[in-house]
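Structure at a glance
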Amino acid sequence: MEARGSDLGIPPPRRITIRSGRDFGFAVAQSRMAAGLTQEQAAEIAGLHRSYLARIESGLSVQLLDRIVRLLRRLGAQITVTLPDTGQPRPDHPTDREG
């Protein structure tokens with residue numbers, strides 16, 4: 001029988017439920033930080049300007065994402081982003097808690 005992460009004292013990954021474009025931006029920021037990237041580095045990887053990535057992460061530029069998320073939720077979909085636990089402290093966010 002193969003050992004699971006929880007059996008080895010490794011915490012399970014964090015899950016962020018996406019209910020809005022702002023939640024999506026938060027998940028992008030958390031994913032970037034978990035990868036150890038600066039906004040500049042992540043923006044370069046994605047082919048974006050750093051200031052646009054900053055607007056996405058802060059929830060200021062997410063109108064289209066809001067509409068897509070709303071459509072998916074009305075169709076019965078649940079959108080969840082799973083992040084690895086880095087062991088680093090993170091800012092609290094209401095969608096960090098499932099429920």
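All of these numbers come straight from a predicted model, not from anything done at the bench.

**Considering the overall build of the protein chain**
In terms of regular secondary structure, the protein chain is built from 4 helices and 2 strands. Beginning at the N terminus, the succession of helices and strands in the protein chain can be written as β-α-α-α-α-β. With 99 residues in all, the protein chain has 26% of them scored as buried. Once local pairs closer than 6 in sequence are excluded, the contacts in the protein chain between residues at least 24 apart make up 71%.

**Quick word on helix 4 (residues 63-74)**
With 12 residues, helix 4 should cover 16 Å at 1.5 Å per step; its first-to-last C-alpha distance of 17 Å lies within 8% of that length. Looking one or two places after helix 4, you find Gly-76, whose phi comes out positive at around 95°.

**What about the packing of helix 1 (residues 21-34) against helix 3 (residues 50-57)?**
Each pair of packed helices can be described by the angle between their axes along with the distance between the axes. It is at 7 Å that the axes of helix 1 and helix 3 come closest, and there the two elements cross at 120°. Relative to helix 3, the element helix 1 lies oblique. Every residue of helix 3 that contacts helix 1 at Gly-25, Phe-26, Val-28, Ala-29 and Arg-32 is listed here: Leu-53, Ile-56 and Glu-57. When grouped by side-chain class, the residues that make up the contact of helix 1 with helix 3 number 5 nonpolar, 1 polar and 2 charged.

**Considering the pairing of strand 1 (residues 14-18)**
Within strand 1, 4 of the 5 residues are buried, which leaves the element mostly enclosed by the surrounding structure. Relative to strand 2 (residues 79-83), strand 1 runs antiparallel, the two being bridged by 5 bridges. Bridge pairing links Ile-18 to Ile-79 in strand 2.

**Digging into the pattern of salt bridges**
Scanning the model with the defined rule gives 1 salt bridge in all. Among the ionic pairs, Arg-32 bridges to Glu-57, the shortest N-O distance being 2.7 Å. Taken as a pair, Arg-32 in helix 1 and Glu-57 in helix 3 lie far apart in primary sequence, 25 residues in all.

**Quick word on the side chain of Glu-57**
The exposure class of Glu-57 is buried, given its relative accessible area of 11%. Ignoring anything within four residues of it in the chain, the contact list for Glu-57 reads Gly-25, Phe-26, Val-28, Ala-29, Arg-32 and Gln-39.

**What to know about the confidence of the model for the protein chain**
For the protein chain, the mean per-residue pLDDT works out to 79, and 71% of the residues sit at or above 70. Across residues 1-8, confidence stays below pLDDT 50; counting only partners more than four residues off in sequence or on other chains, it has 2 contacts.

**Focus on helix 1**
The first and last C-alpha atoms of helix 1 sit 20 Å apart over 14 residues, in line with the 20 Å expected at 1.5 Å per residue. Burial in helix 1 covers these residues: Gly-21, Asp-23, Gly-25, Phe-26, Ala-27, Ala-29, Gln-30 and Arg-32. Packing partners of the buried residues in helix 1 comprise strand 1, helix 2 (39-46), helix 3, helix 4 and strand 2. Just beyond helix 1, the residue with positive phi is Gly-36, at close to 75°.

Conventions used here
- Residue numbers restart at each chain and count upward from 1, following the sequence in its written direction.
- Selection of residues for local features in this predicted model requires a pLDDT of at least 70, selection of side-chain atom pairs for listing and counting requires 80 or more, and totals for whole chains, interfaces and linings are taken over all residues.
- As a rule here, side-chain values come from all non-hydrogen atoms in the structure, and water together with hydrogens is ignored.
- Only DSSP runs of H or I covering at least 4 residues are called helices, and only runs of E covering at least 2 are called strands; the numbering of each starts at the N terminus.
- Accessibility here uses a 1.4 Å probe with only protein chains present; expressed as a share of the type maximum, an area under 20% marks a residue as buried, one over 50% as exposed, and anything in between as partly exposed.
- Whether two residues are in contact is decided by their heavy atoms, any of which lying within 4.5 Å being enough.
- Expected span of a helix, by definition, is 1.5 Å for each gap between consecutive residues, and there is one gap fewer than residues.
- Throughout, an axis means a line fitted to C-alpha atoms (over the contacting stretch in the case of helices), and angles, computed between N-to-C directions, take values from 0 to 180 degrees.
- Under this scheme an angle from 65 to 115 degrees is roughly perpendicular, one under 35 degrees roughly parallel, and one over 145 degrees roughly antiparallel; angles in between are oblique.
- Ten residues, namely Ala, Val, Leu, Ile, Met, Phe, Trp, Tyr, Cys and Pro, are considered nonpolar, four, namely Asp, Glu, Lys and Arg, are considered charged, and the remaining ones, Gly among them, are considered polar.
- Pairing between strands is defined by DSSP: at least two bridges between the two strands are required.
- Put simply, a salt bridge is a Lys or Arg side-chain nitrogen that is within 4 Å of an Asp or Glu carboxyl oxygen.
- Residue-level confidence of the predictor is summarised by pLDDT, bounded by 0 at the bottom and 100 at the top.

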